[in-house]
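Notes for the structure review
So you can see what is in the structure, the chains are spelled out below.
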Amino acid sequence: MASVKNVVMDKTGTLTEGVFKVQEVKLQPGFDQAETLSWVNALESKSTHPVATAISEYVGAVDHTLAFSETEEIAGHGLRALLNGKEVLVGNFKLMDKYGITYDLDPEQVVYTVIAIATDKQFVGYLTIADQIKEDAQAAVDQLHQMGIKLTMLSGDKTSVVKFVAEKLGIDHAFGDLLPEDKVNKVKEIKARNESVAFVGDGVNDAPVVALSDAGIAMGGLGSDATIETADIVIQDDKPSKIPMAIRIGKTTRQIVWQNITLAFVVKAIVLVLGAGGLATMWEAVFADVGVALLAILNAVRIQRMKF
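Criteria and cut-off values
Residues numbered from 1 in each chain as written. Predicted model: local features only at pLDDT ≥ 70, side-chain atom pairs only at ≥ 80, totals over all residues. Heavy atoms only, no water. Helix = DSSP H or I, 4+ residues; strand = E, 2+ residues; numbered from the N terminus. Buried < 20%, exposed > 50% of the residue type's maximum accessible area, 1.4 Å probe, protein only. Pairing = 2+ DSSP bridges. Expected span 1.5 Å × (residues − 1). Bend = angle between axes of the 7 residues up to and from the residue. Contact = heavy atoms within 4.5 Å. Polar contact = N/O pair within 3.5 Å; in protein donor to acceptor, adjacent residues only side chain to side chain. Salt bridge = Lys/Arg side-chain N within 4 Å of Asp/Glu carboxyl O. Axes fitted to C-alpha atoms, helices over the stretch in contact; angles between N-to-C directions. Parallel < 35°, antiparallel > 145°, perpendicular 65-115°, else oblique. Left-handed = near helix turned anticlockwise from the far one by under 90°. Nonpolar A, V, L, I, M, F, W, Y, C, P; charged D, E, K, R; others polar.

A few points about unusual backbone geometry
In the Ramachandran plot, N84 falls in the positive-phi region, its phi being about 55 degrees despite a non-glycine side chain. Within the secondary structure, N84 is located in the loop between β4 (78-83) and β5 (86-91). Owing to a relative accessible area of 70%, N84 belongs among the exposed residues under this scheme. The phi dihedral of K121 is positive, around 65 degrees, even though this residue is not glycine. Relative to the assigned elements, K121 resides in the loop between β6 (113-119) and β7 (122-130).

Next comes the structure, spelled out in structure tokens:
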């Protein structure tokens, strides 16, 4: 952490609250909104993504009479299942493209996160969902910039949303519409420049990048178990402002380590010289060994009283 030059962050749950709210529902003519939202809610209930919570809050109770089969969550895309023998899809527009679903709108023109819906190879419509930036996200970005650290945002969310959040916070580089392997490749590009990288994330899709980075940081509140177990550092209250704090702790710890090493070498060197001249007794030798160890411990304990 003391030598980190780049901090790479996920968006949802890291810089934003991860608490989505449905803004609007737009369906194609001929589709009943209540019926469509009912099965969308039932399918999303099988996902752990924050989007599922937003849809559940908007729609209400899940209709458990809907019998889905062959349900699968496609990383970076969304959900697919069969309902009464018909294929249903709920996810981003990359999911629509993957299964050859045609639609008559440009997703990039919608600033909010868009959840597309399709059934039986036909585009049904979409929901727009918005997330809020965390209160201390701006302070965290400002502090990291003051430390001379470059910031990059990597997200599976649509590019327009990612760019909007990045511009609002002043993040140096931002990339959206990324799959988990795309995030890994972006971090590899930074590491190829021989620059140390810390990655901050919370989702299960972030676990590979957390493992790859020099310092992996997980948001412990909303974070998945896989990411938390893989991370080197866990921020228990999910506050981005703890990222610069962790770096400050790392720098101070390194400083104290070098103080202790220097103290040990200097004292031992002095006692060796005195011993060679016949001036050092057994007591000086004991101090050079046990005494220096105790001083090093006392010096290190100071960090517990420091405010970061």
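A few points about the pairing of strand β3 (residues 68-74)
Here β3 runs beside β4; their pairing, made up of 5 bridges, is antiparallel. In the sheet register, S69 faces β4, and the bridge partner there is L82. Turn length for the β3-β4 hairpin, with the two strands adjacent in sequence and antiparallel, is 3 residues, and the turn residue G76 shows positive phi of about 75 degrees.

Points about helix α10 (residues 282-301)
Under the 1.5 Å per step criterion, the end-to-end length of α10 is 28 Å for 20 residues, consistent within 8% with the ideal 28 Å. Of all the bends found along α10, the most pronounced is centred on A288 and spans about 35 degrees. Among all positions of α10, only A288, G291, V292, A296 and N299 are buried.

Quick word on the environment of K121
When its relative accessible area of 52% is taken as the criterion, K121 is described as exposed. Along the sequence, K121 and V40 sit 81 residues apart, while their C-alpha atoms lie 15 Å from each other. The residues contacting K121, other than those within four sequence positions of it, are E87, Y99 and I101. Polar contacts involving the side chain of K121 include one to the side chain of E87, which spans 3.5 Å.

Observations regarding the pattern of salt bridges
What the rule picks out here adds up to 10 salt bridges. For E195, the salt bridge identified is with R193, shortest N-O distance 3.9 Å. Across the pair K242 and D237 runs a salt bridge, and its minimum N-O distance is 2.6 Å. Residues participating in the shared-partner salt-bridge network are E72, R80, E87 and K121.

With respect to the packing of helix α1 (residues 33-44) against helix α2 (residues 50-59)
Where α1 contacts α2, the two axes come as close as 9 Å, and the packing angle between them is 140 degrees. Between α1 and α2, the interaxial angle falls into the category oblique. Between α1 and α2 the crossing geometry is left-handed. Where α1 abuts α2, its residues Q33, L37, V40, N41 and E44 lie against A52, I55, S56, Y58 and V59. Taken together, the residues that form the contact of α1 with α2 break down as 6 nonpolar, 3 polar and 1 charged.

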